[in-house]
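# A look at the structure
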Amino acid sequence: MDGWTIFGAWVAVGLTLAMYSFLYKDNPIFKLGEHIYVGVSVGYSLTRIIFEYIIKKWYSPLLEPLVNLIREGNWDRLGPTLGEMKWALLIPTVLGFLLLTRPFKKISWLSRIAFAFVVGTGAGLAIPKIIGTFFLPQLQDTVRPLVTSLEKVKALEAAQGAVIPHIALGKYAVSMAEFNSLIILVGVICVLIYFFFSLEHKGIVHRASRVGITFLMISFGAAFGFTTMGRISLLIGRCDDLIAFSRPEYYYATPLLLGLFVLVLVGVGILRREKKVKT
Amino acid sequence: MSPGILFYAVSGIVFLALLVLLFIYQDRRFVFALMALAVIVPLLQPFALPGIAVSPEVKGLYKKIDSMPPGSTLLLSFDFDPASKPELYPMAVCILRHAFSRDIKVVAMGLWLPGTGIAEEIMGRMAREAGKTKWEDYVYLGWAPGTFNVIIGLGQDLYKTFPKDYYGRDTREIPLLKKKNLGTLAKFDYVVCLAAGDPGIETWLIYGQEKHQFEMGGGCTSVIAPKMYAFLRSGQLNGLLGGMKGAAEYESLLNKPGLGIRGMDAQSTTHFLIIILILISNILYFATRKK
């Protein structure tokens, strides 16, 4: 195993333990880890943005040919160089500079032109596509026939490799999938009624909205359950790495750093207590 | 007494001790300690709980990749960062292992800047394991700025969107892309997005699939999984791996245990612990309320 991998393991263990040390209480090790995290992530993102956006997408196609020409001093190539330059990039460049006028009160109105472009393009691109992706297919999926052909159920069983509970009615069948469609339909209508505020929630509307809120609570519960599972998965991942890095090939990174951090935390605790006593 | 049983016995005693201390001192730090114990014990000494039931959505993705003929093309988008590694890394490993075992050509990319390194590591590792050659059997395009604009660009011209791959090679010169004529999104046989948020599966559906109508599967973190089930039912996705559990199910289908399966015991114990704590807290709440 190369030295950099071992060094990486020690850094990973150190930062993981530093972050988890907050569970005990706020402490200097956690603060150190937190600042390293913020610094590294900002530095990394900024560097990549400079190289990937500004240099690759703006400087190289627009200015690099001209800079090279000036450096070489070969002015005979001025014509072809001007042809090589992607002049269309001047439009986003100007719009970008207009955004920077925000802090200057007198000319800050100029930034609205750039914002109008961003909002207009974004909305124009997104709205029809979102309707086509979310609204229409989901609406279509909500209203499904309750009875389907037996052949279709068999085909679905073959595709999924599982038995789908169904009641055969000659050539037709009512399967569990259709029953689920009914539940979804009832759920969607009742939740929509719950959010319908133009009518007083009384009588049948009240009952439907109560059903709607029950559906909402079930969906929140499912979402919370999934979220809990997700967070536990992250903890499992970190613990799995900590266990892996406690092996001899990583020079016992986890137990050694854990011991060191415990000593530091005990030391900090003693110092804080002494300080408190003095004051 | 075997060392395994002794380990469980000691862990059980510590567990009970922590539970008692929690009730005496009512300090949340004992909950953290209990949680740590519930995760670490099964990872160190797995319980080997009964087999994992494979859900239809995981089977859907598995069957799609399994039915693709050798030489087919798969576009794999790594739309996550190291923070979501425990959930999405095992999924990527499974999908690549499966695809390479069926001689499917893989083109990988990512919409998340911090995930480029991890994606490159997975691609390289899995290719080495399967004995696949870079640029012949797989291509890693890396990251390009623009989130949804990248997908729109890919739909028009892959070579303009990614003029160079992650390793700096001109994409027009890459043998796999040339041989398979993979100039646009529509040319791919299957697209899989492994997502931890936005941009992710929804972005691919809005800006890619809606126009080009390609078949698509997905893998995502547990947090966003409930939202994705709607696309599964409507047929916009034909397979979905939700969180570490989804990865574990795929691992069990491939019969290659990894972090997914390893983590399932820990998932079960922590969920069990959470249920116990919720029940006890509620009992105590109602008991003290009466007083």
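Residues numbered from 1 in each chain as written. Chains lettered and ligands numbered in written order. Predicted model: local features only at pLDDT ≥ 70, side-chain atom pairs only at ≥ 80, totals over all residues. Heavy atoms only, no water.

### Side note on the interface of chain B and chain A
Contact with chain B, which involves 52 residues of that partner, is made by 46 residues of chain A. For the chain B and chain A pair, buried surface summed over both sides reaches about 4,000 Å², with 66% attributable to carbon and sulfur atoms. The interface formed by chain B and chain A includes four salt bridges. Here Asp141 of chain A ties to Arg233 of chain B by a salt bridge, and the two come within 3.1 Å at their closest N and O atoms. Taken together, chain B and chain A are joined by twelve residue pairs in polar contact (both at pLDDT 80 or more). (Contact = heavy atoms within 4.5 Å. Buried area = accessible area lost by both parts, 1.4 Å probe. Salt bridge = Lys/Arg side-chain N within 4 Å of Asp/Glu carboxyl O. Polar contact = N/O pair within 3.5 Å; in protein donor to acceptor, adjacent residues only side chain to side chain.)

### Digging into the confidence of the model for chain A
For chain A, mean pLDDT is 91; residues scoring 70 or higher make up 99% of the total. At the level of individual helices and strands, chain A shows its lowest average pLDDT in helix 6 (residues 150-160) of chain A, which scores 79, and its highest in helix 1 (residues 3-20) of chain A, which scores 95. (pLDDT = per-residue confidence, 0-100. Helix = DSSP H or I, 4+ residues; strand = E, 2+ residues; numbered from the N terminus.)

### Focus: the sheet that holds strand 1 (residues 73-79) of chain B
Residue and element names in this part refer to chain B. Reading across from one edge, 3-2-1-4-5-6 is the order of the six strands in this open sheet, with parallel pairing throughout. The open sheet has two edge strands, strand 3 (138-143) and strand 6 (240-242), and neither has a second partner. Ignoring strand direction, the axes of neighbouring strands in this sheet form an average angle of 15°. Pairing of strand 5 (residues 216-220) with strand 6, which is carried by three bridges, proceeds in the parallel orientation. (Pairing = 2+ DSSP bridges. Axes fitted to C-alpha atoms, helices over the stretch in contact; angles between N-to-C directions.)

### Quick notes on the confidence of the model for chain B
For chain B, the mean per-residue pLDDT works out to 93, and 99% of the residues sit at or above 70. Scored by ipTM, the complex comes to 0.91, with pTM at 0.89.

### Concerning the environment of Asp141 of chain A
Residues and elements named next belong to chain A. Among the structural elements, Asp141 can be located in helix 5 (residues 111-142). Sequence separation of Asp141 and Ile91 is 50 residues, and the distance between their C-alpha atoms is 43 Å. One polar contact links Asp141 to Arg144, side chain to side chain, over a distance of 2.7 Å.

### What about the packing of helix 1 of chain A against helix 9 (residues 253-278) of chain A?
When two helices pack together, their arrangement is given by the angle between the helix axes and by the axis-to-axis distance. Residue and element names in this part refer to chain A. Between helix 1 and helix 9, the least distance of the axes is 10 Å, while the angle of their chain directions is 40°. Considering their axes alone, helix 1 and helix 9 lie oblique with respect to each other. Crossing of helix 1 against helix 9: the hand is right-handed. On the side of helix 1, the interface is formed by Trp10, Val13, Gly14, Leu17 and Ala18, while helix 9 contributes Ala253, Thr254, Leu256, Leu257, Leu258 and Phe261. Counted by class, the contact of helix 1 with helix 9 contains nine nonpolar, two polar and no charged residues. (Parallel < 35°, antiparallel > 145°, perpendicular 65-115°, else oblique. Left-handed = near helix turned anticlockwise from the far one by under 90°. Nonpolar A, V, L, I, M, F, W, Y, C, P; charged D, E, K, R; others polar.)

### Let's talk about the sheet that holds strand 3 (residues 172-175) of chain A
Residue and element names in this part refer to chain A. Pairing is antiparallel across the open sheet formed by three strands, whose spatial order is 1-3-2. In this open sheet, the two strands that pair with only one neighbour each are strand 1 (148-149) and strand 2 (166-169). Relative to strand 3, strand 1 runs antiparallel, the two sharing two bridges. Among the inter-strand pairings, Ser149 is bridged to a residue of strand 3, identified as Tyr172. Where helix 7 (residues 176-194) meets the sheet, its contacts fall on strand 1 and strand 3, and the angle it forms with strand 3 comes to roughly 60°.

### Comments concerning the side chain of Thr81 of chain A
Residue and element names in this part refer to chain A. Locating Thr81 in the fold gives a position in helix 3 (residues 78-84). From its side chain, Thr81 meets the backbone oxygen of Arg77 in a polar contact 2.6 Å long. Setting aside its immediate chain neighbours within four residues, Thr81 contacts Pro65, Leu66 and Leu69.

### Some thoughts on a nonpolar patch on the surface
All names here are of chain A. There is a patch of nonpolar side chains on the surface, built from Leu146, Val147, Ile167, Leu169, Tyr172, Met176, Phe179, Leu182, Ile183, Val186 and Val211 and spanning about 940 Å² of accessible area. Listed by contribution, the elements that provide at least two residues to the nonpolar patch are strand 2 and helix 7. The dominant element in the nonpolar patch, judged by the number of residues it contributes, is helix 7, at five residues. By secondary structure assignment, the location of Val186 is in helix 7. (Patch = residues over 30% accessible without salt bridge, like charges linked within 9 Å, V, L, I, M, F, W, Y side chains within 5 Å. Areas by Shrake-Rupley, 256 points an atom, 1.4 Å probe, with all protein chains shown as cover.)

### Focus: the packing of helix 1 of chain A against helix 2 (residues 28-72) of chain A
All names here are of chain A. Contact pair helix 1 / helix 2: the axes reach a minimum separation of 8 Å and the direction vectors enclose 120°. The angle between the axes of helix 1 and helix 2 places the two elements in the oblique class. Considering the relative orientation of helix 1 and helix 2, their crossing is left-handed. Between helix 1 and helix 2, the residues in contact are Leu15, Ala18 and Met19 and Ile29, Phe30, Gly33, Glu34, Ile36 and Tyr37, respectively. Considering only residue class, the contact of helix 1 with helix 2 consists of seven nonpolar, one polar and one charged.

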